[in-house]
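# Architecture at a glance
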Amino acid sequence: MIREAILFGGVLYILLTLAQVLDRPMIWVEGFVVSVAFAAAITFYLIRDEHKLHISEIVALWAAVLLFVVYGFLKYGGVV
């Protein structure tokens, strides 16, 4: 049931992103990137093999942490 809820939520977010792109066509690149990211996240949770799912969750978690650290350094350095 959790996998179906994640699938529904991901599809809903993709539809909302597409609606924003239709409203503001100048953000089509961002909309495309966000939609691909959501589709990839949905795909990870539809994996039936628990070990592969665990590995993908750990990779996604550490990627988020490292991106946050990079953002912090860029913000501190005045780049962002």
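Below is a summary of the structure that appears in this document. (Residues numbered from 1 in each chain as written. Predicted model: local features only at pLDDT ≥ 70, side-chain atom pairs only at ≥ 80, totals over all residues. Heavy atoms only, no water.)

## Describing the overall build of the protein chain
Within the protein chain, the secondary structure is distributed over 3 helices and 0 strands. Secondary structure elements of the protein chain occur, N-terminal to C-terminal, as α-α-α. On C-alpha atoms alone, the protein chain measures out to a radius of gyration of 16 Å, which is more than a quarter above the 12 Å that the 2.2 N^0.38 rule sets for 80 residues. Expressed along its principal axes, the backbone C-alpha trace of the protein chain runs to roughly 45 × 35 × 15 Å. Each of the 80 residues in the protein chain was classed as buried or not, and the buried ones make up 12%. By element, 78% of the accessible surface of the protein chain is carried by carbon and sulfur atoms, the whole surface being about 6700 Å². (Helix = DSSP H or I, 4+ residues; strand = E, 2+ residues; numbered from the N terminus. Rg over C-alpha atoms; globule rule 2.2 N^0.38 Å. Buried < 20%, exposed > 50% of the residue type's maximum accessible area, 1.4 Å probe, protein only. Areas by Shrake-Rupley, 256 points an atom, 1.4 Å probe, with all protein chains shown as cover.)

## Some thoughts on the packing of aromatic side chains
Applying the stated rule across the entire model yields 1 aromatic pair. Ring centres 5.3 Å apart and planes at 15 degrees place the aromatic pair Tyr13 and Phe38 in the stacked group. Separated by 25 residues along the polypeptide, Tyr13 in helix H1 (residues 2-23) and Phe38 in helix H2 (residues 28-45) bring together distant segments of the chain. Since its relative accessible area comes to 49%, Tyr13 is described here as partly exposed. The exposure class assigned to Phe38 is partly exposed, which follows from its relative accessible area of 27%. (Phe/Tyr/Trp six-rings, centres within 6.5 Å; stacked < 30°, edge-to-face > 60°.)

## Here's the deal with H2
Since the α-helix turns once every 3.6 residues, residues separated by three or four places project in the same direction. With 18 residues, H2 ought to run about 26 Å at 1.5 Å a step, and its terminal C-alpha atoms sit 26 Å apart, in line with that. Of all the positions in H2, only Gly31, Ser35 and Ile42 are classed as buried. When H2 is viewed along its axis, its buried side chains cluster within an angular range of 30 degrees and face the same direction. Summarising the contacts, the buried residues of H2 are in contact with H1. (Expected span 1.5 Å × (residues − 1). Arc of directions from axis to C-beta. Contact = heavy atoms within 4.5 Å.)

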